[in-house]
Amino acid sequence: FTALYGIDALAVDVVFDEVMAVAPRIIPHLTDVSSELEQAWNEGKSVLFEGAQGTMLDIDHGTYPFVTSSSCCAGGAPIGTGVGPKAIDRVLGIAKAYITRVGSGPFPTELTDEVGERLCEVGGEYGVTTGRKRRCGWYDAVVGRYAAQVNSLTDVALTKLDVLSCVPRIKVCVAYEIEGKRYDYFPMDQELICSPSLKPIYEELPGWEGIDISDCKRFEDLPQNAQVYVQYLEDITGVPASIIAVGPDRDQTIFNGWEAR
């Protein structure tokens, strides 16, 4: 252990003492989670599962090896909690109005120019804990459709729409061109998705540069071009945006038919 990692091996007694010191705080919260959830459903209660990371970081369905160590997709919720998959009747995906990624890995729509820097600064795209800068790019509908597929998304919460007020025109990647072939779906071949020949195929939409949308409370309050953009993303991914965030505060949220879904 010491030769491999360059640190001293863990001492069993020391670890045991550390764990037992916090045990009184943890033990009251230990329970049979599967049974607790089943009881909640039988009592007519609502149960919410919250995921972490993102679809493309999923250990099975992400851009391996640039992934995390667990299942980030919706299917991980029943596996991790011991409930049946039929118990989940709604899957809300969280997506930014543009794309970001932290660290290495394929990113077909990444913007390494001034526009990318602007999105980063206006969007505050830095890790909360580490301060690590996020890579920014145009919305990738290929990834959006793939995420909808592997998660069975029923609807989406579209966040940071207000950030796009800093650009005059907006591009959306609708497909990839790799070695002369068009891909409308996300290729699971690592050589393809990491190929230097990969080129995103874009469609361009007019923006609403300079218009502050952070006070909009209804979908109809958004500028016409912003409405068109949201509806365009809904059409191209096949998933309705039932929540639209136009700022970081809780009250900067538009519920776009959320209650009806």
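About the criteria used
- Residues numbered from 1 in each chain as written.
- Predicted model: local features only at pLDDT ≥ 70, side-chain atom pairs only at ≥ 80, totals over all residues.
- Heavy atoms only, no water.
- Helix = DSSP H or I, 4+ residues; strand = E, 2+ residues; numbered from the N terminus.
- Buried < 20%, exposed > 50% of the residue type's maximum accessible area, 1.4 Å probe, protein only.
- Contact = heavy atoms within 4.5 Å.
- Areas by Shrake-Rupley, 256 points an atom, 1.4 Å probe, with all protein chains shown as cover.
- Lys, Arg positive; Asp, Glu negative; His and termini not counted.
- Charge placed at Lys NZ, Arg CZ, Asp CG, Glu CD.
- Patch = residues over 30% accessible without salt bridge, like charges linked within 9 Å, V, L, I, M, F, W, Y side chains within 5 Å.
- Salt bridge = Lys/Arg side-chain N within 4 Å of Asp/Glu carboxyl O.
- Core = buried A, V, L, I, M, F, W, Y, C linked by side-chain atoms within 4.5 Å.
- 1 Å grid on protein atoms, 1.4 Å probe; cavity = no way out; pocket = protein on both sides within 12 Å on 5 of 7 lines; lining within 4 Å.
- Points joined across faces, edges and corners; volume = space filled by probe spheres on them.
- Nonpolar A, V, L, I, M, F, W, Y, C, P; charged D, E, K, R; others polar.
- Expected span 1.5 Å × (residues − 1).
- Pairing = 2+ DSSP bridges.
- Axes fitted to C-alpha atoms, helices over the stretch in contact; angles between N-to-C directions.

Asks: Before we move on, could you go through the overall build of the chain and cite the residues and values that matter?
Replies: Of the regular secondary structure elements, the chain holds eight helices and 10 strands. Oriented by its inertia axes, the alpha-carbon framework of the chain measures out at about 65 × 55 × 35 Å. Going through the 261 residues of the chain one by one, you find that 39% of them count as buried. Of the contacts made within the chain by residues no fewer than 6 positions apart, 66% connect residues no fewer than 24 positions apart. Here the chain has roughly 15600 Å² of accessible surface; of this, 54% comes from carbon and sulfur atoms. Across the chain, the centroid of the 22 positively charged side chains sits 4 Å from that of the 38 negatively charged ones.

Asks: Could you give me a rundown of a nonpolar patch on the surface, with the residues and numbers involved?
Replies: Together, Val22, Ile26, Ile27 and Leu30 make up a nonpolar patch on the protein surface, roughly 370 Å² of accessible area in all. Topologically, Val22 is positioned in helix 2 (residues 12-26).

Asks: Break down the nonpolar core for me, with residues and values.
Replies: Counting residues in each nonpolar core, the largest one holds 36 residues, and the members touching the most others are Leu119, Leu161, Leu164, Leu222 and Tyr229. By residue number, the principal contributor to this core is helix 8 (residues 224-237), which donates six residues. Apart from the residues lying within four places of it in its own chain, the contact partners of Tyr229 are Ala97, Tyr139, Leu161, Leu164, Ile170, Val172, Leu205 and Trp208. Grouped together as the second largest cluster of nonpolar side chains are 12 residues, Met56, Tyr146, Cys173 and Leu192 included.

Asks: Give a detailed account of the layout of surface pockets, specifying residues and quantitative values.
Replies: Roughly 310 Å³ of volume is contained in the second largest pocket. Along the wall of the second largest pocket there are 13 residues; nearest its centre are Ala157, Thr159, Ile243, Ala245 and Thr253. Residue assignment for the lining of the second largest pocket shows that the elements contributing at least two residues are strand 5 (155-159), strand 9 (241-245) and strand 10 (253-255). Grouping the amino acids of the lining of the second largest pocket by side-chain chemistry returns seven nonpolar, four polar and two charged.

Asks: Describe a negative patch on the surface, and please don't skip the residues or the numbers.
Replies: Taken together, Asp212, Asp215, Asp249 and Asp251 make up a surface patch of like negative charges. You can see Asp251 is positioned in the loop between strand 9 and strand 10.

Asks: Residues and numbers for the pattern of salt bridges, please.
Replies: Scanning the model with the defined rule gives 11 salt bridges in all. Measuring nitrogen to oxygen at the nearest pair gives 2.9 Å for the salt bridge that ties Glu125 to Lys96. Within this pair, whereas Glu125 is found in the loop between helix 5 (114-123) and strand 3 (135-137), its partner Lys96 is found in strand 1 (residues 92-96), the two being separated by 29 residues in sequence. A relative accessible area of 0% means that Glu125 is categorised as buried. One salt bridge connects Glu117 with Lys133, and the closest N-O pair in it is separated by 2.9 Å. Pair noted here: Glu117 is in helix 5 and Lys133 is in the loop between helix 5 and strand 3, with a separation of 16 residues, a long-range link. Since its relative accessible area comes to 40%, Lys133 is described here as partly exposed. Each of Lys96, Glu125, Arg134 and Lys160 takes part in one network of salt bridges that share partners.

Asks: Tell me about helix 8, residues and numbers included.
Replies: Over its 14 residues, helix 8 runs 20 Å from end to end, which matches the ideal 20 Å to within 8%, given 1.5 Å per residue. Those residues of helix 8 lying buried are Ala226, Gln227, Tyr229, Val230, Tyr232, Leu233, Glu234, Ile236 and Thr237. Taken together, the buried residues of helix 8 touch strand 4 (139-140), helix 6 (141-151), strand 5, strand 6 (169-178), strand 8 (199-206) and strand 9. Looking one or two residues beyond helix 8, the residue adopting positive phi is Gly238, at roughly 80 degrees.

Asks: Could you give me a rundown of the sheet that holds strand 5, with the residues and numbers involved?
Replies: Pairing is mixed in the open sheet, where four strands are placed in the order 1-5-9-10. With one partner strand each, in any of the chains shown, strand 1 and strand 10 form the two edges of the open sheet. The mean angle between the axes of side-by-side strands here comes to 20 degrees, regardless of whether they run parallel or antiparallel. Bridge analysis of strand 5 against strand 9 gives three bridges, and the strand direction is parallel. Bridge pairing in strand 9 places Val156 opposite Ala241.

That's the geometry; what it means functionally is another story.
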